[in-house]
Amino acid sequence: MSVKTWGDFEVYFDRPLGRGGMGAVYLGRQISLDRPAAVKLLKKDLTENPEFVTRFHREASLLARLVDAHVVQVFGAGEADGSHFYAMEFVEGEDLAAKLKKGHPFSVDEVLQVALSVGLALQAAWRHRIIHRDIKPSNILITEDRQIKVMDFGLAKASDSDLTQSEVIMGTAKYMSPEQATGGDLDIRSDLYSLGVVLYELATGKPPFMGETPTAIMYQHVHQAPMPPRQINRKLPVDVEGLILRLLAKDPRTRYPTPEAVVSTVRGILDGVTPDERSTLYNETLLLATPTPAPQEPTATAPPVPRSSAAPLMLTLTAGLLLAGGGAYYYFVEGGGKPAPPPKPPAAMRKPPEDPPRPPADPPAPPPADPARPAAWEAPLKKGLDAFARREWTAAVSLLEEAGRLGAADVKDKILQAKANDLILRGDEETDDERAIERFDAARKLVPSEEADRKFARASYRRWSKLAESREGGDWNQAAVDWGRALPFAEDGLKAEIEARRQFCRLYAEGVRARTGEDWKTAHERFRELAKDPRGFSSSIDLELKRAKEEVDKLAALARVELKKEFDRALEEGRAACARAAWAEARSAFARAGELRFAGMSREPVAALMKDVEAALAAAPGMVYVPGGAFRMGGGRDVEGPEDGEVRVAAFYLDERETSAGEYRDFLKALGDAGGHHPGCAKDEPAGKSHAPADIDEQKADEPVVNVDWWDAASYAAWKKKRLPRESEWERAAGFDPAGRRPYPWGEKWRKEGGRSFLGLSGMGDGAIEWTSDWFQKYPWSGTSNIDFGEKKKALRGGVLLAGDAERDARTSFRHWNLPSYRSGKVGFRCARDVAERATEDR
């Protein structure tokens, strides 16, 4: 059924009017008075608690007594069919939220009319100690005849109600007062703050605080100052901005104390006369007055000004001074218009202008003073001191200055004090912090005082902190600067918090600057630090942090790829340099590879390769590093075998050239007895036989020593802390080439003049035949047999025995062999050394 009768109300369920936070609203009718009504059904979850229902009905009965032209009246509440409801006045019109959504630009007059009407509604509510707690544009209705009404007082509570905060709707975050957001005690000043938020939005087109979550908005209501609305809407008058900013004061004590004060201020703005101007007018009137026996009656009064709804009645004090017979009088006009001009004096008193009289040549002497008559300065002095005592500083200054001009002494300090106090008072009344600072600063310069210093500091702190708060979320760098300016003026208990906010803004500015410059690593670091204490900006910080992390990860991945490429490139360059025996170049490449860092990179190849390179570069003077490794050895004739085989040798050092005759003579000299036995002599050799070459003195010092047997060569090597090379080592050194084993030390083809090997060794293949440390043995892979194989004769390598056999003998794989005692003018040697032995020697 679409219509139901619930007590005195009919409810038309086929005529829904809307839905709200407490439930659905339907058109209805109050039967007894035959008038339309709006009936709101409460949500089930709001009425499941019986205690809530009982208290709700008690509150509804209180709200029903709230009757005012600016309030959508609550008719009553009840229960029917298991549903709880309350009925209220049905008003046709449009709420402010709908107008804002359409982009309606509110004029200054419209803003003030909203302020006046809502102020009157709250004034009526506060007489019953009712707090609305959800003042917002959607709860302010403009009727079809342009009246403004506040609705949904059904969400309100009396200030002495026992409805707990957890049992009622707590309001809307965007319009919530700081004390409401923090769960503090509430009074009508909380509704005045919400009214300030509404007026700010109407005047500027946007609310003072916005955020991604209700929590972020409530944090700003508690901790941040709004941007002055005139910075958004330059057409907004200063006094209207002052009205809005005072309503938005964080501390309820600094807001308007009651709705009456708001209504009075709005009416003053509408009438074009501010409270300051009325006070000034009153003081100026007092200053113009002079003592008279008795004030005369006014000769005329201004006609009354008719009242109107556009300009509410206001008592305007206007003063007029009529100088007639030394008398003065005041007159008053009641009405909303401008003060009427003072009446003109009678025609008899008006004279045509005359030329100013010329002063006499000799001024007359002043009349003698009458000792019984008071001095001229006494009256203004007394009045000035009385005004000083009443704290009427403007009047005090004027009267005391007048007394001083008339001869009063010792009034200078009082004048300065009154001026300073007047400046302090005017600073207290200022809504613009910058002008207040100017007043307080001027006061403390006139008369230094703790009060002026304290108020100067407070106003300075308020100014810079407001600017800083208004810039948070936008110009973070300037916000940090402003917090730094506020810091010296903050109370000791706030300094740590102000410094923390300054650092927060500084970090945020650095993060934004780094993000703008695509310095993602720095941006990530800054936003990660900010996330530890987001101060109500967690959503934006999380987004910044997420983006910076993604970019950092991308850059890291790209860097890893590039580092891997660079690492592989350096490693390959180093290996290629090693293959060419370019050890210095190899070390540079491996060092570059070793300096690179990226996840998952193994440093073992670099360390192993660098070890070989360092060993190569550590070769003793005159020796060459021969890389270890596997190579093909032998092959080519019967004593070598018809095929070659793979042999692996360790890295070793080898003399760059054969041992010279000069070096061998040094050896013999060191022995001390050239005719005696030296280490390694054969036991069957006769004692006293010389082991020095017979022609040693005739051999050139820089040419290879010859005519030495195997024992001589081995003894010399031991004396040098070296050894004779093995056959495989000699062949490895002679034929080494990265491109492949060389048939001849100098290359692919035999040539008579010979040349150096790839490793820079000389005399291998075109010098003396050289002893090795090995016996002449069969190769393990060869099937060739020879009667001399065994431990009877030593293998020799390199050199040419007969000129006709030079092409054959010079091959890197060719073998000579002979008894260890064999001496020949064509047989010499060179020495080798293990890499490990060189390392031991270095230690």
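As the structure is a computational prediction, the values presented were derived from the model and not from experiment.

(A) Structural detail: the overall build of the protein. Within the protein, the regular secondary structure consists of 25 helices and 22 strands. Taking contacts inside the protein between residues at least 6 apart in sequence as the whole, the part at least 24 apart equals 63%. By element, 53% of the accessible surface of the protein is carried by carbon and sulfur atoms, the whole surface being about 43500 Å².

(B) Expanded view of the sheet that holds strand β22 (residues 832-834). The antiparallel open sheet is built from 3 strands, whose spatial order is β14-β17-β22. Where the open sheet ends on each side, the last strands, each with one partner, are β14 (623-626) and β22. Taken pair by pair, the neighbouring strands of this sheet meet at an average axis angle of 25°, ignoring direction.

(C) Examining helix α3 (residues 108-127) more closely. For α3, spanning 20 residues, the distance from its first C-alpha to its last is 29 Å, which sits close to the expected 28 Å at 1.5 Å a residue. Positioned one or two residues after α3, Arg129 has a phi angle of 60°, which is positive.

(D) Main features of the sheet that holds strand β7 (residues 93-95). Strand order in the open sheet formed by 3 strands is β7-β9-β10, with antiparallel pairing between adjacent strands. The open sheet terminates on both sides in strands that have one partner only, identified here as β7 and β10 (148-150). Taken over all neighbouring pairs, the strand axes of this sheet differ in orientation by 30° on average, direction set aside. Of the pairings in the sheet, the one linking β7 to strand β9 (residues 140-143) comprises 3 bridges and is antiparallel in character. The residue bridging Glu94 from the neighbouring strand is Ile142, located in β9. Packing of α3 onto the sheet brings it into contact with β9 and β10, and relative to β10 it is tilted by some 40°.

(E) Representation of the nonpolar core in the model. If you look at the biggest cluster of nonpolar residues, it comprises 62 residues, and the most contacted ones within it are Phe153, Leu199 and Leu243. No other element matches α3, which puts 12 residues into this core. Ignoring anything within four residues of it in the chain, the contact list for Leu243 reads Leu112, Ala115, Leu199, Tyr256, Val262, Thr265, Val266 and Ile269.

(F) Structural context of the side chain of Gln699. Position of Gln699 among the secondary structure elements: in the loop between α21 (661-671) and α22 (710-719). Within polar-contact distance, the side chain of Gln699 engages the side chain of Asp695 at 3.0 Å. Not counting residues within four places of it along the chain, the set of residues in contact with Gln699 comprises Ala661, Arg665, Pro693, Pro704, Val705, Val706 and Asn707.

(G) Layout of unusual backbone geometry. If you check the backbone angles, Arg129 has positive phi at about 60° while not being a glycine. As for its placement among the helices and strands, Arg129 is situated in the loop between α3 and β8 (130-131). The phi dihedral of Arg146 falls on the positive side, at around 70°, and the residue is not glycine. Tracing the backbone through its elements, the reader meets Arg146 in the loop between β9 and β10. A relative accessible area of 55% places Arg146 in the exposed class.

(H) View of the environment of Leu33. Checked against the element boundaries, Leu33 lands in the loop between β3 (23-30) and β4 (35-42). For the pair Leu33 and Phe9, spaced 24 residues apart in sequence, the C-alpha separation works out to 9.9 Å.

(I) Expanded view of the confidence of the model for the protein. This prediction gives the protein a mean pLDDT of 82; 81% of its residues lie at or above 70. Between the elements of the protein, mean pLDDT differs from a low of 28, seen in strand β12 (residues 315-316), to a high of 97, seen in strand β18 (residues 769-775). With pLDDT under 50 throughout, residues 674-680 is counted as low confidence; its partners more than four residues away or in other chains account for 21 contacts.

(J) Layout of the packing of helix α15 (residues 476-486) against helix α16 (residues 492-516). For the pair α15 and α16, interaxial distance at closest approach is 8 Å and the crossing angle is 160°. Here α15 lies roughly antiparallel to α16, going by the angle between them. Crossing of α15 against α16: the hand is left-handed. Facing Trp476, Asn477, Ala479, Ala480, Trp483 and Gly484 of α15, the residues of α16 in contact are Ile498, Arg501, Arg502, Phe504, Cys505, Arg506, Tyr508, Ala509, Val512 and Arg513. By residue class, the composition of the contact of α15 with α16 is 10 nonpolar, 2 polar and 4 charged.

Thresholds, definitions, all that
Residues numbered from 1 in each chain as written. Predicted model: local features only at pLDDT ≥ 70, side-chain atom pairs only at ≥ 80, totals over all residues. Heavy atoms only, no water. Helix = DSSP H or I, 4+ residues; strand = E, 2+ residues; numbered from the N terminus. Contact = heavy atoms within 4.5 Å. Areas by Shrake-Rupley, 256 points an atom, 1.4 Å probe, with all protein chains shown as cover. Pairing = 2+ DSSP bridges. Axes fitted to C-alpha atoms, helices over the stretch in contact; angles between N-to-C directions. Expected span 1.5 Å × (residues − 1). Core = buried A, V, L, I, M, F, W, Y, C linked by side-chain atoms within 4.5 Å. Buried < 20%, exposed > 50% of the residue type's maximum accessible area, 1.4 Å probe, protein only. Polar contact = N/O pair within 3.5 Å; in protein donor to acceptor, adjacent residues only side chain to side chain. pLDDT = per-residue confidence, 0-100. Parallel < 35°, antiparallel > 145°, perpendicular 65-115°, else oblique. Left-handed = near helix turned anticlockwise from the far one by under 90°. Nonpolar A, V, L, I, M, F, W, Y, C, P; charged D, E, K, R; others polar.

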